[in-house]
Amino acid sequence: MHRTVYRFLQSDAAPGIVLIAVAALAIILANTVLAPAIQAFLGTKLSLSFGSLGLSKPLVLWINDGLMAVFFLLVGLEIKREALEGALSQPSQIAMPVVAAAGGMIVPAAIFAALNWNDATALRGWAIPAATDIAFSIGVLAVLGRRVPLALKLFLTTLAIVDDLGAIVVIAAFYTSDLSGLALGLAGVCIAAMVALNLLGLRRAGPYLLIGIALWVCVLKSGVHATLAGVITAFCLPLRGGGEAHDDRPFIRLEHALQPWVAFFIMPAFAFANAGVSFAGLTPAHLVEPVSLGIAAGLFVGKQIGVFGAAALFIRSGLAAMPAQGTWAKLYGVSLCAGIGFTMSLFIGTLAWDDPAYAAPLRIGVLGGSILSAVLGYLVLRWAPDAPAQRPAAGRVDKDRALP
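All values derive from a computational prediction rather than experimental measurement.

A. How the structure looks around the overall build of the chain. Counting its regular elements, the chain contains 16 helices and two strands. Taking the contacts inside the chain whose residues are at least 6 apart along the sequence as the reference set, 80% of them involve residues at least 24 apart. About 19,700 Å² of surface is accessible on the chain, with carbon and sulfur atoms providing 68% of the total.

B. Up close: the pattern of salt bridges. Summed over the entire model, instances satisfying the criterion amount to five salt bridges. Between Asp 386 and Lys 330 there is a salt bridge whose closest N-O contact spans 3.3 Å. Taken as a pair, Asp 386 in the segment after helix H16 (359-383) and Lys 330 in helix H14 (residues 328-337) lie far apart in primary sequence, 56 residues in all. Taking the relative accessible area as the measure of exposure, Asp 386 reaches 48% and is therefore partly exposed. Three or more residues are tied together by salt bridges with common partners; here these are Arg 147, Lys 330 and Asp 386.

C. Expanded view of the side chain of Ser 345. Within the secondary structure, Ser 345 is located in helix H15 (residues 342-352). Judged by relative accessible area, Ser 345 falls into the buried class, the value being 0%. For Ser 345, the contacting residues outside a window of four places in its chain are Ile 128, Ala 131, Leu 299, Leu 362 and Val 366.

D. Quick look at the nonpolar core. The biggest cluster of nonpolar side chains holds 109 residues, and the ones touching the most others in it are Phe 71, Phe 72, Phe 155 and Phe 342. By residue number, the principal contributor to this core is helix H4 (residues 59-84), which donates 12 residues. Here Phe 342 is in contact with Leu 19, Ala 23, Asp 133, Phe 136, Ala 271, Ala 275, Val 366, Leu 367 and Ser 370, once residues within four sequence places are set aside.

E. Representation of a nonpolar patch on the surface in the model. Taken together, Ile 17, Val 143, Ile 371, Val 375, Tyr 378, Leu 379 and Trp 383 make up a surface patch of nonpolar side chains, about 680 Å² in accessible area. Tallying contributions element by element places H16 first for the nonpolar patch, with five residues. In this structure, Ile 371 sits in helix H16.

F. Quick look at the side chain of Asp 133. With respect to the element layout, Asp 133 can be found in the loop between helix H5 (91-115) and helix H6 (134-144). In this structure the side chain of Asp 133 is engaged in a polar contact, spanning 3.0 Å, whose partner is the backbone nitrogen of Phe 136. Residues in contact with Asp 133, not counting those within four places in the same chain, are Leu 19, Met 267, Ile 340, Gly 341, Phe 342, Thr 343 and Met 344.

Definitions and limits used
Going along each chain's sequence as written, the residues are numbered from 1 onward. This being a predicted model, a pLDDT of at least 70 is required before a residue's local features are given, and a value of 80 or more before pairs of side-chain atoms are given or counted; all residues contribute to the totals for chains, interfaces and linings. Side-chain numbers come from the whole structure's heavy atoms, not from hydrogens or water. Numbering of helices and strands runs from the N terminus; a helix is a DSSP stretch of H or I covering at least four residues, while a strand is a stretch of E covering at least two. Residue contacts follow a heavy-atom distance rule, with two residues in contact if any of their heavy atoms lie within 4.5 Å. Methods summary: accessible areas were calculated by the Shrake-Rupley approach with a probe of 1.4 Å, and residue burial reflects only the protein chains presented. A carboxyl oxygen of Asp or Glu within 4 Å of a side-chain nitrogen of Lys or Arg is what we treat as a salt bridge. A 1.4 Å probe rolled over the protein chains alone gives each residue an accessible area, and that area as a share of the maximum for its type sets the label: buried under 20%, exposed over 50%, partly exposed in between. Here, nonpolar core means buried Ala, Val, Leu, Ile, Met, Phe, Trp, Tyr and Cys residues that are tied together by side-chain atoms lying within 4.5 Å of each other. For patch building, the residue pool is restricted to those with more than 30% relative accessible area and no salt bridge; the joining distance is 9 Å between like charges and 5 Å between nonpolar side chains (Val, Leu, Ile, Met, Phe, Trp, Tyr). As used in this structure description, the phrase polar contact means that two N or O atoms lie within 3.5 Å; if the pair is within protein, one of them must be able to donate a hydrogen and the other to accept it, and residues adjacent in sequence are counted only when both atoms belong to side chains.

Listed below in structure tokens is the structure:
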């Protein structure tokens with residue numbers, strides 16, 4: 001039993017499956033007599049004080065502003081590692097995923113904007129369908145196993161990382177409130193301190209994380225969304241130098257330590273706090289109102305058009321080759337999976353609107369578009385034929401078929 005659980009938790013599909021289960025639980029509970037108790041629990045005020053300074057927020061905001069800062073710390077670590085040592089460090093490997101990620105952000109945003117153009121408040125949600133949930137999307141591919149070639153898995157992973165980087169830029173540029181000059185100045189001091197530690201060659205993660213906590217408080221008070229403190233801290237942490245083996249470096253150890261907490265605690269906690277939607281009084285008209293329809297159509301229609309269209313143009317123009325063992329059908333299936341927005345889409349939605357009237361359309365649109373993308377993406381990849389096997393060159397023996 002313990003071995004089975006351990007193997008499940010180590011699988012690539014585990015985070016996505018856990019997220020699905022928690023989101024389903026949140027939706028079920030939101031439609032039971034327990035819904036008021038859960039809302040009261042999420043609204044419970046929690047306070048932290050440091051002398052004369054203090055923070056007091058409802059539990060749901062501690063999750064959205066605090067725990068999600070740790071999520072973005074991990075995202076920042078992954079982006080930096082990939083940019084310096086991984087797929088993002090090779091122009092030949094990154095070009096097509098970057099172009100596809102751009103298409104997968106522009107087209108969904110355009111679809112949402114077209115459906116909500118006459119409503120300035122609703123239009124604040126334009127970036128919601130532009131997001132891709134890396135845990136869900138990679139989880140679908142992991143469930144399919146060898147049906148999806150490794151090169152296409154790497155394509156979607158790189159695309160999702162670039163997508164996360166785009167989401168960080170969007171949050172910083174478009175979802176900020178009134179700015180506090182004093183708080184921003186103190187945040188700058190924190191960043192300068194981390195940069196100085198990096199230049200001095202300090203490689204222990206502890207001092208950076210302590211300054212990162214102070215940076216989080218400053219950014220929270222500044223009007224810029226506090227989760228960006230996690231990204232900035234990650235970018236300041238040193239990756240190279242010191243001569244340690246790859247897995248012994250403090251940067252890598254921190255990334256490995258955070259991964260299970262983010263996958264099995266932080267993201268499920270966020271899903272539980274934000275995915276619950278009550279179906280009481282829900283009519284077919286709610287499903288096609290501009291906000292929910294714009295989000296769902298952006299994720300399901302816009303993502304597949306943007307990602308697949310951009311990648312196809314890149315391949316047809318000769319600027320890139322089809323990923324190894326990939327086919328047009330499998331590339332289309334992976335493009336569909338990029339439309340699974342869920343966590344990131346819900347998160348951007350919480351930044352776009354304070355009005356609770358938008359909570360239900362947000363959740364209906366995100367869940368509808370993500371579920372459609374996941375189901376059709378799975379079916380396409382499950383039944384798409386494999387690429388024809390390449391014949392060995394003349395005089396070459398196929399070792400897998402050679403007689404012993």
